[in-house]
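Here is what each chain is made of, one letter per residue.
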Amino acid sequence: MSAQAAADLAKRLLEHRQGEAERLERIRSYLSPQVPPPAAGGFGGLRMQWLPPDAPVEVRKLAAIARVNMLRYIVSARVQSMYVDGYRAARVADNAPQWEIWQRNQMDARQIGIHRGAVSYGAAYVTILPGDPVPVMRGASPRHLTAVYGDDEEWPEYALQRRKGDWRLYDREAVYTLQRADSGFEVVDVAIHGAAADGRPVCPVIRYRDTDDLDDPVVGIVEPLIDLQDQIDVTTFGLLVAQHYGAFRQRYILGWIAETETQRLKASASKLWTFEDPEIKVGEFGQTDVNGYIASREATLRHLATVSQTPAHELLGQLVNLSAEALAAAEKSHRRAVEENQAVLGEAHEQALYLAGEYADMQPAPDAEVRWRDTESRSLAQVADALGKLAAQLGIPPQELWERIPGVTDQELERWKAAAEQGDPLARLEQQLTRQGILGEQVTGGQ
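Here goes a summary of the coordinates provided. (Residues numbered from 1 in each chain as written. Predicted model: local features only at pLDDT ≥ 70, side-chain atom pairs only at ≥ 80, totals over all residues. Heavy atoms only, no water.)

Moving on: unusual backbone geometry. Trans is the prevailing form of peptide bonds, just as negative phi is the prevailing case for residues other than glycine. Cis geometry is found at the peptide bond from Asp 132 to Pro 133, where omega equals 10°. Note that Pro 133 resides in the loop between strand S2 (123-129) and strand S3 (136-140). Even without being glycine, Asp 198 reaches a positive phi, approximately 55°. Asp 198 gets classed as exposed once you look at its relative accessible area, which sits at 67%. Positive phi, normally seen in glycine, also occurs at Gln 309, with a value near 55°. By the element assignment, Gln 309 lies in the loop between helix H8 (291-308) and helix H9 (312-316). (Helix = DSSP H or I, 4+ residues; strand = E, 2+ residues; numbered from the N terminus. Buried < 20%, exposed > 50% of the residue type's maximum accessible area, 1.4 Å probe, protein only.)

The five strands are arranged S4-S5-S6-S7-S8 in an open sheet whose pairing can be described as antiparallel. This sheet does not close on itself; its edge strands, each paired only once, are strand S4 (145-148) and strand S8 (184-192). Adjacent strand axes in the sheet meet at a mean angle of 20°, parallel and antiparallel pairs treated alike. Strand direction decides the pairing type here: S4 and strand S5 (residues 158-162), joined by four bridges, are antiparallel. By the bridge assignment for S5, Ala 147 is matched with Ala 159. Each of S4, S5, strand S6 (167-170), strand S7 (174-181) and S8 touches helix H1 (residues 3-31); the most contacted strand, S8, lies at about 115° to it. (Pairing = 2+ DSSP bridges. Axes fitted to C-alpha atoms, helices over the stretch in contact; angles between N-to-C directions. Contact = heavy atoms within 4.5 Å.)

Now for the packing of helix H3 (residues 70-79) against helix H5 (residues 107-121). Their axes nearest at 10 Å, the elements H3 and H5 cross at an angle of 125°. As judged from the angle between their axes, H3 and H5 are oblique. Judged by the twist between their axes, the crossing of H3 over H5 is right-handed. Two secondary-structure elements touch here, H3 through Val 75, Ser 76, Arg 78 and Val 79 and H5 through Ile 112, His 115, Arg 116, Val 119 and Ser 120. Partitioning the contact of H3 with H5 into residue classes produces four nonpolar, three polar and two charged. (Parallel < 35°, antiparallel > 145°, perpendicular 65-115°, else oblique. Left-handed = near helix turned anticlockwise from the far one by under 90°. Nonpolar A, V, L, I, M, F, W, Y, C, P; charged D, E, K, R; others polar.)

Another point: the nonpolar core. If you look at the biggest cluster of nonpolar residues, it comprises 56 residues, and the most contacted ones within it are Ile 128, Met 137, Ile 206, Tyr 208, Leu 304 and Leu 355. Sorting elements by how many residues they give to this core places helix H11 (residues 332-359) first, with nine residues. Membership of the second largest hydrophobic core comes to 14 residues, among which are Ala 6, Ala 7, Trp 167 and Phe 185. (Core = buried A, V, L, I, M, F, W, Y, C linked by side-chain atoms within 4.5 Å.)

This structure, assessed with the given rule, holds nine salt bridges. The shortest N-O distance in the salt bridge between Arg 143 and Glu 25 comes to 3.0 Å. Residue Arg 143 is found in the loop between S3 and S4, and its partner Glu 25 is found in helix H1; the two are separated by 118 residues along the sequence. On the basis of relative accessibility, which here comes to 17%, the residue Arg 143 falls in the buried class. Here Arg 302 and Glu 298 are joined by a salt bridge, their closest N and O atoms 4.0 Å apart. Note that Arg 302 and Glu 298 are positioned in helix H8 at a spacing of four residues, about one turn of the helix. (Salt bridge = Lys/Arg side-chain N within 4 Å of Asp/Glu carboxyl O.)

This is the structure in structure tokens:
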């Protein structure tokens, strides 16, 4: 592709990107831990369009702190249950050679951002380019990278990425580095990447989606929950206003006006009030009951937990004396959602490792797949009992069950296997002494 053609294509892709930027920025504003200023459209996720422009400063400050960002927590609850721990073929105990590329690129940590982007926005991306000593794998948010697909849904035709200081255009042959120039782009560098899959050149961009749908577009888990987030914020705003202005008892005096501020403060702090004028009347207003606001917010949180498949006890903070079995039952819906995400994201990880292996002349086994860490809530005693019965009653070798222990990593498995191969030092000493004793008896008998 010529430099002019690349610049024109980047301009068209930028126009395409601007078409989806509004949706992505809206999701970002709801996930941001910071409260954007009023000029950005409101106070955080809560759009105070109904708040009068001449509202008191106190009311505006209450609106600003009324934001209870539950969507960010829901995304984190999903992402924190998904960690890739290995990549291996069936019936093979060790990881495939491509796993070294994963480790060299620090993907143990980078995968978190990729999963977070896919779950939040419905898509995230990984670019894979030649590198030394291994190919370079980097994640990209859909806010910064736009990919265009044709008939092939696995590999894009083109992709445009915004970086700090420049832009990158990817196609099946090269990577074009561009700078903004007037109303378009100017190519400043071209690098042939040589990415190929199944013997044909491909655009080195992998798309990660949180799920798959044959009818509707994948939008992530945040956008469908925005209305519920607004309900929580509006209820919290009403609760704060009720607390600030009406949740305390206000007293009044009819027929008397304090002459000075000191006199008024003294009267308000007095335990006993006395007045000479019999016409003066003292009374108090009833305080506002805020229990209705609290109950309404809890009901919305339960609804949010159901719709998002997040354990309700985590959103409400109600975790009292739950057994391991009860906790597992409460998280069953959440686990099903996580497993669905893992099934789709896992295919993208395998596609990325496959392309990275092609760069390094590593041919993966056709049945190689990523291994997800077990993050399900179970007691260690329960797991040990179940695995012990599998080994004793079904005759499964204990080493084959080690990776089913929750939280165990591949590094720990390697250490355990190495220790098992070396054996117990005392047992080896006993075996050696036994062999020497038998040998001594044979020698004595022969004499």
